[in-house]
Amino acid sequence: VYRGSKAEMQEFVQDSINEAFLIDNPKTSSDYDYMHFVHKASHINMSGVGNVYTVTYEMEYLENDEQTKKVDKRIKDIIKKDMSDYEKIKAVHDYIVDHVEYDTSTSYNTPYYALVEGTSACQGYATLLYKMMTEAGIPCRVITGNAKGQLHAWNIVKIGKKWYNIDATWDDPVGAFGKTSVRYRYFLKSDADLLDHVRDKEYDKVEFRNAYPVALKSY
């Protein structure tokens, strides 16, 4: 139920969705960035008079509950706890590069398609890496922006007190390098070594930068 002026209602409706995505339940890795990036659309109905309205949300996702549960089950069989943070990050990066093939048609773009079906575009890579890192106890975020002029998604991960860029999609060779080779050109990089990646404004704000300070030198 919303109480306030109708003129401010649209901002309230959108802010509520954004606030919901920012809820991070430590008991699950299926909320926060994961939910945000498997979200497809919000269908909103508003009714009321004066300054009191009922707002009803219907959320549409790229991945259903059954698919997310399959992702969770597969991840629990992969993640090993007795590793250092660096070893966990490298193991997740290498697993994704080895087991996911880039979907050049961009028809598939979810962690389910990446992990279970073996193919996805960049958003599936980045969101899967987020979930696997979270399950492994590694702080991680999904970053969106442009890379060489194209819309793109990658990640930042934390080792010690600093954050580093990691782009499993661009470390996954397509074609000439062969499916089994793994590259580290975009693995644990500073911003200075990732000049071809430009963040969207929400991830380039001073507040976000201060909360997630990227190391000045690559790992």
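Heads up: the structure comes first, above all this text.
Just so it is clear, the model here is predicted, and its values are computed rather than measured.

Participant: I would appreciate a short explanation of helix α6 (residues 122-135) in the present structure.
Facilitator: Since the α-helix turns once every 3.6 residues, residues separated by three or four places project in the same direction. Between its first and last C-alpha, α6 extends 20 Å over 14 residues, near the 20 Å set by a 1.5 Å rise per residue. In terms of residue burial, α6 counts as a mostly covered element, since 11 of its 14 residues are buried. Among the residues making up α6, those that are buried are Cys 122, Gly 124, Tyr 125, Ala 126, Thr 127, Leu 128, Leu 129, Tyr 130, Lys 131, Met 132 and Met 133. Count one or two residues on from α6 and you reach Gly 137, which has phi positive near 85°.

Participant: Explanation requested: the environment of Asn 25 in the structure shown.
Facilitator: By the element assignment, Asn 25 lies in the loop between α1 (9-21) and α2 (33-38). When its relative accessible area of 33% is taken as the criterion, Asn 25 is described as partly exposed. A polar atom in the side chain of Asn 25 sits 3.0 Å from the backbone nitrogen of Lys 27.

Participant: Explanation requested: the sheet that holds strand β2 (residues 39-49) in the structure shown.
Facilitator: Note: strands within a sheet are paired through backbone hydrogen bonds, in either parallel or antiparallel orientation. Strand order in the open sheet formed by three strands is β1-β3-β2, with antiparallel pairing between adjacent strands. The strands lining the two open edges of the sheet, one partner per strand, are β1 (2-3) and β2. Alignment of β2 against strand β3 (residues 52-61), held across 10 bridges, turns out to be antiparallel. Across the sheet, the residue bridging to Ser 47 is Thr 54, located in β3. Along the sheet, α1 makes contact with β1, β2 and β3, crossing β3 at roughly 45°.

Participant: In this structure, what is going on with the pattern of salt bridges? I would like to understand it.
Facilitator: Side-chain pairing between opposite charges can occur once the charged atoms of the two side chains come close. Evaluated as defined, the whole model comprises 10 salt bridges. Across the pair Asp 72 and Lys 131 runs a salt bridge whose closest N-O atoms are separated by 2.6 Å. On the criterion of sequence distance, the pair formed by Asp 72 in helix α3 (residues 65-78) and Lys 131 in helix α6 is long-range, its members being 59 residues apart. Side by side, Asp 72 and Lys 131 carry an identical accessibility label, which is buried. Residue Asp 191 is joined to Arg 209 by a salt bridge in which the shortest nitrogen-to-oxygen separation is 2.5 Å. One end of the pair, Asp 191, is in the loop between β9 (187-189) and β10 (197-199); the other, Arg 209, is in helix α7 (residues 206-211), with 18 residues separating them in the sequence. The class for Asp 191 is partly exposed, based on a relative accessible area of 27%. Residues joined in a network through salt bridges with shared partners are Asp 191, Asp 204 and Arg 209.

Participant: Please explain the environment of Lys 158 as it appears in this structure.
Facilitator: Assignment of secondary structure puts Lys 158 in strand β7 (residues 150-159). For Lys 158, a relative accessible area of 27% puts it in the partly exposed group. The spacing of Lys 158 and Arg 141 is 17 residues in sequence and 9.2 Å in space, taken between C-alpha atoms. Discounting residues that sit within four places of it in the chain, Lys 158 has contacts with Ile 89, Ile 138, Pro 139 and Trp 163.

Scoring rules and cut-offs
- Within every chain, residues take consecutive numbers counted from 1 along the sequence as written.
- Only residues with pLDDT of at least 70 get local features here, since the model is predicted, and only at 80 or more are side-chain atom pairs given and counted; chain-wide, interface and lining totals rely on the full set of residues.
- Side-chain metrics in this entry use all non-hydrogen atoms of the structure; hydrogen atoms and water are not considered.
- Starting at the N terminus, helices and strands are each numbered in turn, a helix being any DSSP run of H or I of at least four residues and a strand any DSSP run of E of at least two.
- Here the expected length of a helix is defined as 1.5 Å per residue gap, with one fewer gap than residues.
- Exposure is judged per residue with a 1.4 Å probe applied to protein chains only, and the accessible area is read against the type maximum: over 50% gives exposed, under 20% gives buried, and values in between give partly exposed.
- Within 3.5 Å is the distance limit for a polar contact, defined as a pair of N or O atoms, with the added protein rule that one can donate a hydrogen and the other accept it, and that residues adjacent in sequence qualify only through two side-chain atoms.
- For two strands to count as paired, DSSP must find a minimum of two bridges between them.
- Note on contacts: a residue pair qualifies if any of its non-hydrogen atoms lie within 4.5 Å across the two residues.
- Helix axes are fitted only over the stretch in contact, all axes being lines through C-alpha atoms; the angle between N-to-C directions runs from 0 to 180 degrees.
- Should a side-chain nitrogen of Lys or Arg be within 4 Å of a carboxyl oxygen of Asp or Glu, the pair is scored as a salt bridge.

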